[in-house]
Amino acid sequence: MKFTEYPIESLMYITNRPEIVFTHGKGSWIYDNEGKRYLDFIQGWAVNSLGHCNEGMIEALEKQARTLINPSPAFYNEPMAKLANLLTQHSCFDKVFFANSGAEANEGAIKLARKWGRKHKDGAYEIITFDHSFHGRTLATMSASGKPGWDTIYAPQVPGFPKADLNDIASVEKLITKKTVAVMLEPVQGEGGVIPATREFMQQLRALTKQHNLLLIVDEVQSGCGRAGTLFAYELSGIEPDVMTLGKGIGGGVPLAALLAKADVQVFEAGDQGGTYNGNPLMTAVGYSVISQLTAPGFLEGVRARGEYLRAQLLALSEERGFLGERGEGLLRALLLGKDIGNQIVEKARQMQPDGLLLNAARPNLLRFMPALNVTNDEIDQMMSMLRSILDSL
Ligand SMILES: Cc1ncc(COP(=O)(O)O)c(C=O)c1O
């Protein structure tokens, strides 16, 4: 079908989209309405952890769709219980609440922290967050985010989110007052440009939050579920946070997110938290398939190996072209271009013939790579060779 034949005019304008319609995908490849294929290093924005149309997920979705789609969040269902149990078995957390998006999981974390503050810290409610952080698009999570300009678009903001600088413990310490209840951060800032919190900083944060009796909340919506090479990125720093949020990769492409907490932090009482679709069996059955595949023997070792391979290729390219290096964890990486040519590269990559390449410039001076966690080294080689030919053409 031609692009002009799709009734796109009924869609609300929210961003500039290219004049293509994606129709189907498999693994690391996605196809448009003209039949052109693209090597996908965006994967739904770090969402399709197992690539497009993973067989295990399809099987789980089909089976669950024929069994039970939604009994209402007021009742238990089997996939919800099984997925929660799988997550607690593989993490330092004891309790799980399922949500539908990363922002909603973060809203839950903010509410849990504020309730905990009311119960245990004399009504303390402020959550220290970080410059350039990204926590979502609801009013509270936009206020928690340190994205430039977000303080004014929908002003007034939700109060209570003072901003510190990532990897600068003194900047956090300075903001602690009697009103502070928690510190919340992404172990790897994703939208901010793939900036990892250092191991040292995470350990300092854990010690500081313990010293002041504050909660440590990790937003692992982007860095979690295998993306950083470990099941959860907090594992890289050898600490245990009090609260964690998951999104994106947990559903492998379907809308699923989660809020996890240690038992002693779980202070919700009946009616405090909920939502129509929370823990619905259709999505949690898929999440169970995803997390089971990620935790299968050898899978995460493979992610680390492929992450190292991608890292080596990006470093070699950086040296060859005089760029500023690369950074990231696992299969969430950035190539530091040193100049604002990121968006130009992204456009040219998509328009390449005969095959296109989907890349993202999280900031104009860098490229972000977030392939499927089961991407192959051959596909990484193909991506690198396409990228080289784009750079040659600039
Ligand atoms: C770290 C982080 N937190 C929260 C979100 C928001 O997730 P969602 O778009 O599912 O609401 C994102 C999305 O990019 C994210 O990267």
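Everything numeric here is computed off the predicted structure, so don't read it as measured data.

> Can you tell me about the sheet that holds strand β5 (residues 126-130), naming the residues and giving the values?
In a beta sheet, neighbouring strands pair by backbone hydrogen bonds and run either parallel or antiparallel. Strand order in the open sheet formed by seven strands is β4-β12-β11-β10-β7-β5-β6, with mixed pairing between adjacent strands. In this open sheet, the two edge strands, each paired with only one partner strand, are β4 (95-99) and β6 (163-164). In this structure, β5 lies alongside β6, joined through two bridges in parallel fashion. What sits directly across from phenylalanine 130, in β6, is alanine 164.

> Got a sec to walk through the UniProt feature "binding site: pyridoxal 5'-phosphate" (unreviewed entry) in the protein chain? Specific residues and values, please.
Listed under "binding site: pyridoxal 5'-phosphate" (unreviewed entry) in the UniProt record, and renumbered for this structure, are Gly102, Ala103, Phe134, Asp219, Glu220, Val221, Gln222 and Thr276. Taken together, the annotated residues stretch across 175 residues and extend over separate regions, lying up to 25.3 Å apart by C-alpha. Turning to its location among the elements, phenylalanine 134 is positioned in the loop between β5 and α5 (139-144). In this structure valine 221 touches Gly102, Asn106, Thr245, Leu246, Gly247, Lys248 and Gly249, once residues within four positions along its chain are discounted.

> I'd like to hear about the nonpolar core, residue by residue, with values.
Core analysis: the largest hydrophobic core is formed by 77 residues, its most contacted members being Leu185, Leu359, Leu367, Phe369 and Leu387. When residues in this core are grouped by element, the largest group, seven residues, is from helix α11 (residues 377-393). Each of domain 1 (3-51 + 298-393) and domain 2 (55-294) gives at least three residues to this core. Other than its neighbours up to four places away in sequence, phenylalanine 369 contacts Phe41, Leu310, Leu314, Leu331, Leu332, Arg333, Ala334, Leu335, Leu359, Met383 and Leu387. Core analysis: the second largest hydrophobic core is formed by 25 residues, Ala99, Leu215, Ala257 and Val265 among them.

> Could you give an account of the pairing of strand β14 (residues 332-336), with specific residues and numbers?
Of all five residues in β14, five are buried; the element is thus mostly enclosed. What you see with β14 is no split at all: Leu332, Ala334 and Leu336 on one side and Arg333 and Leu335 on the other are buried throughout. Pairing analysis gives four bridges linking strand β13 (residues 326-329) to β14, with the strands arranged antiparallel. Looking at the pairing, glutamate 326 lines up with leucine 335 of β14. Hairpin connection, β13 to β14: the antiparallel pair is bridged by two residues, and glycine 330 has positive phi, about 55°. Pairing of β14 with strand β17 (residues 366-369) involves four bridges; the strand directions are antiparallel. When the bridges of β17 are listed, leucine 336 appears paired with leucine 366.

> Could you give an account of the domain arrangement of the protein chain, naming the residues involved and the relevant values?
When the domains of the protein chain are assigned, the result is domain 1 (3-51 + 298-393) and domain 2 (55-294). Here the C-alpha centroids of domain 1 and domain 2 sit 26 Å apart. Each side of the interface is counted separately: domain 1 has 26 residues, and domain 2 has 27 residues. When the two sides are added together, the surface that domain 1 and domain 2 hide from each other amounts to roughly 2,300 Å², 57% of it contributed by carbon and sulfur. Ranking the residues of domain 1 by area buried against domain 2 places Leu50, Glu329 and Leu332 at the top, with a combined share of 24%. Between the two partners, domain 1 and domain 2, sit two salt bridges. The tally of links from domain 1 across to domain 2 stands at 14 residue pairs in polar contact (both at pLDDT 80 or more). Elements that contribute at least two residues to the side of domain 1 that touches domain 2 include exactly α1 (43-46), α9 (299-321), β13, β14, β16 (360-363) and β17. For the side of domain 1 that touches domain 2, the element with the highest residue contribution is α9, accounting for four residues. Residue composition of the side of domain 1 that touches domain 2, grouped by class: 15 nonpolar, four polar and seven charged.

> Explain the side chain of serine 145 to me, and be specific about the residues and the numbers.
Tracing the chain through its elements places serine 145 in the loop between α5 and β6. Relative accessible area serves as the criterion here: at 4%, serine 145 is assigned to the buried category. For serine 145, the side chain forms a polar contact with the main-chain nitrogen of histidine 135, separated by 2.8 Å. When sequence neighbours within four positions are dropped, the list of residues in contact with serine 145 reads Ser133, Phe134, His135, Gly136, Trp150 and Lys163.

> Outline helix α3 (residues 78-89), supporting the account with residue identities and numerical values.
The end-to-end C-alpha distance of α3, which contains 12 residues, comes to 16 Å, matching closely the 16 Å that a straight helix rising 1.5 Å per residue would cover. Buried within α3 we find Pro79, Met80, Leu83, Ala84, Leu86, Leu87 and Thr88.

> Go over the site of the ligand with me, naming the residues and quoting the values.
Neighbouring residues of the ligand: 13 residues in total, closest Gly102, Ala103, Asp219, Gln222 and Lys248. Aspartate 219 places a side-chain nitrogen or oxygen 2.7 Å from a nitrogen atom of the ligand. Considering every element that reaches the shell around the ligand, the biggest residue donor is helix α4 (residues 102-120), with three residues. Of the residues assigned to the shell around the ligand, the class counts are three nonpolar, six polar and four charged.

> Any details on the packing of aromatic side chains? Residues and values, ideally.
Pairs of aromatic rings are described using the distance from one ring centre to the other and the angle between the two planes. Tallied over the entire structure, the rule returns five aromatic pairs. Both rings, one in phenylalanine 22 and one in tyrosine 38, keep their centres 5.3 Å apart while their planes meet at 85°; by these two values the pair is edge-to-face. Of this pair, phenylalanine 22 sits in strand β1 (residues 22-26) while tyrosine 38 sits in strand β3 (residues 37-40), and the two are 16 residues apart along the sequence. Under the relative-accessibility criterion, phenylalanine 22 is labelled partly exposed at 36%. Measuring from ring centre to ring centre gives 5.9 Å for phenylalanine 130 and phenylalanine 201, while their planes differ by 85°; the resulting arrangement is edge-to-face. Pair noted here: phenylalanine 130 is in strand β5 and phenylalanine 201 is in helix α7 (residues 199-211), with a separation of 71 residues, a long-range link. The class of phenylalanine 130 is buried, set by a relative accessible area of 1%. Clustering of aromatic rings is evident, with ring pairs tying together Phe93, Phe232 and Tyr234.

The rules we used
Residues numbered from 1 in each chain as written. Predicted model: local features only at pLDDT ≥ 70, side-chain atom pairs only at ≥ 80, totals over all residues. Heavy atoms only, no water. Pairing = 2+ DSSP bridges. Helix = DSSP H or I, 4+ residues; strand = E, 2+ residues; numbered from the N terminus. UniProt positions renumbered as here; feature names shortened; annotations may be inferred. Contact = heavy atoms within 4.5 Å. Core = buried A, V, L, I, M, F, W, Y, C linked by side-chain atoms within 4.5 Å. Buried < 20%, exposed > 50% of the residue type's maximum accessible area, 1.4 Å probe, protein only. Domains from an automatic or database assignment. Buried area = accessible area lost by both parts, 1.4 Å probe. Salt bridge = Lys/Arg side-chain N within 4 Å of Asp/Glu carboxyl O. Polar contact = N/O pair within 3.5 Å; in protein donor to acceptor, adjacent residues only side chain to side chain. Nonpolar A, V, L, I, M, F, W, Y, C, P; charged D, E, K, R; others polar. Expected span 1.5 Å × (residues − 1). Near = heavy atom within 4 Å. Phe/Tyr/Trp six-rings, centres within 6.5 Å; stacked < 30°, edge-to-face > 60°.

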